[in-house]
Amino acid sequence: EAPENPTVLVEYQVYVDDELLGSTNELVYYFNTTVGYHDVIVKSVFEDCDKDNQTNICILGRVENLNYALNDHVVDLTWDALEYVSQYDVYINQVLVATVEDPSYSVELPSGIFEVMVGPVEEGCYRFLAGFDICIVDPVSDLSFVAMDYSGLHFTWSCDDPYVHNYEVIYNGDTTLDS
């Protein structure tokens, strides 16, 4: 018969889906696992007995093929649907802006640089987010030919966008000037 109050801890054994991953004497244990539902058991092994505690974890995979199309200031996001997932969270600059059921979302944004992240939602599950940065700037306006002389062609334009600091001039598909 096991003692009521075991006193000498030998180790903690960590099992995932009935497979022993390892042992530790610490109160934390780090490991990688696959996407899906898993049973995690931590067994406290004492000199004269052992006790275990079980929990279930759910890990959702990252959305795949996250893409965007930009039309002026409207960002159209699309991604592949994940099996067994009915909702997705959309974050812009680490702020939740929408929870959607379809694997797409459209939003109008001002000029600036934005971090866009999308993640699957299922209650009680941990998840990975997928994302990228989007830079939205206003196009130049009032593009005009000014003159042609021995140094080349001269153009002028306007741009009121505070995020634009340099321009790239492309002539016949070749970059001719960075300014």
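1. Digging into the overall build of the protein chain
From N to C terminus, the protein chain includes zero helices and 16 strands. Relative to the compact-globule value of 16 Å for 179 residues, the protein chain shows a C-alpha radius of gyration of 28 Å, a clear excess of over 25%. Dimensions of the protein chain, computed from C-alpha atoms along their principal axes, come out at roughly 100 × 35 × 25 Å. Relative to its full complement of 179 residues, the protein chain shows a buried share of 29%. When contacts within the protein chain are restricted to residue pairs at least 6 apart in sequence, those whose partners lie at least 24 apart make up 43%. When the accessible surface of the protein chain is totalled, it reaches about 12600 Å², and 48% of it is carbon and sulfur. Taken as two groups, the 4 positive and 33 negative side-chain charges of the protein chain have centres that lie 17 Å from each other.

2. Re the packing of aromatic side chains
Taken as a whole and assessed by the stated rule, the structure comprises four aromatic pairs. Taking 6.1 Å as the distance between ring centres and 40 degrees as the angle between the ring planes, the aromatic pair formed by tyrosine 29 and phenylalanine 31 counts as tilted. Tyrosine 29 sits in the partly exposed class, given a relative accessible area of 29%.

3. Quick word on the state of the cysteines
A full pass over the atoms with the stated rule returns one disulfide. Disulfide pairing is shown between cysteine 58 and cysteine 125; the S-S distance is 2.1 Å. Measuring handedness by torsion sign, the sulfur bridge of cysteine 58 and cysteine 125 sits at about 85 degrees and is right-handed. Here the residue cysteine 58 occupies a position in strand S4 (residues 50-60), and cysteine 125 occupies one in the loop between strand S10 (112-121) and strand S11 (126-127), the gap between them amounting to 67 residues.

4. Digging into the pairing of strand S9 (residues 104-108)
Residues Tyr105 and Val107 of S9 are buried on one face, while the alternating residues Ser104, Ser106 and Glu108, pointing to the opposite face, are not. With five bridges joining them, strand S6 (residues 74-78) and S9 adopt antiparallel strand pairing. Bridge pairing in S9 places aspartate 76 opposite serine 106.

5. Quick look at the sheet that holds S10
What the four strands build is an open sheet, ordered S8-S7-S10-S12; its pairing is antiparallel. Two strands lie at the open edges of the sheet, namely strand S8 (95-100) and strand S12 (130-136), each paired on one side alone. The mean inter-strand angle of the sheet, taken between neighbouring strand axes irrespective of direction, is 25 degrees. Note that strand S7 (residues 87-92) and S10 share six bridges and pair antiparallel. Bridged to tyrosine 91 within S10 is methionine 117.

6. Points about a nonpolar patch on the surface
A surface patch of nonpolar side chains, about 690 Å² in accessible area, is lined by Leu143, Phe145, Met148, Leu153, Phe155 and Tyr171. At three residues, strand S13 (residues 141-149) tops the list of elements feeding residues into the nonpolar patch. With respect to the helices, strands and loops of the structure, tyrosine 171 is situated in strand S15 (residues 168-171).

7. What to know about the pattern of salt bridges
One pass over the full model with this rule turns up one salt bridge. A salt bridge links arginine 127 to aspartate 89; its shortest N-O distance comes to 3.1 Å. Highlighted residues: arginine 127 in strand S11 and aspartate 89 in strand S7, separated in sequence by 38 residues. When its relative accessible area of 9% is taken as the criterion, aspartate 89 is described as buried.

Thresholds applied
Residues numbered from 1 in each chain as written. Predicted model: local features only at pLDDT ≥ 70, side-chain atom pairs only at ≥ 80, totals over all residues. Heavy atoms only, no water. Helix = DSSP H or I, 4+ residues; strand = E, 2+ residues; numbered from the N terminus. Rg over C-alpha atoms; globule rule 2.2 N^0.38 Å. Buried < 20%, exposed > 50% of the residue type's maximum accessible area, 1.4 Å probe, protein only. Contact = heavy atoms within 4.5 Å. Areas by Shrake-Rupley, 256 points an atom, 1.4 Å probe, with all protein chains shown as cover. Lys, Arg positive; Asp, Glu negative; His and termini not counted. Charge placed at Lys NZ, Arg CZ, Asp CG, Glu CD. Phe/Tyr/Trp six-rings, centres within 6.5 Å; stacked < 30°, edge-to-face > 60°. Disulfide = S-S within 2.5 Å. Pairing = 2+ DSSP bridges. Axes fitted to C-alpha atoms, helices over the stretch in contact; angles between N-to-C directions. Patch = residues over 30% accessible without salt bridge, like charges linked within 9 Å, V, L, I, M, F, W, Y side chains within 5 Å. Salt bridge = Lys/Arg side-chain N within 4 Å of Asp/Glu carboxyl O.

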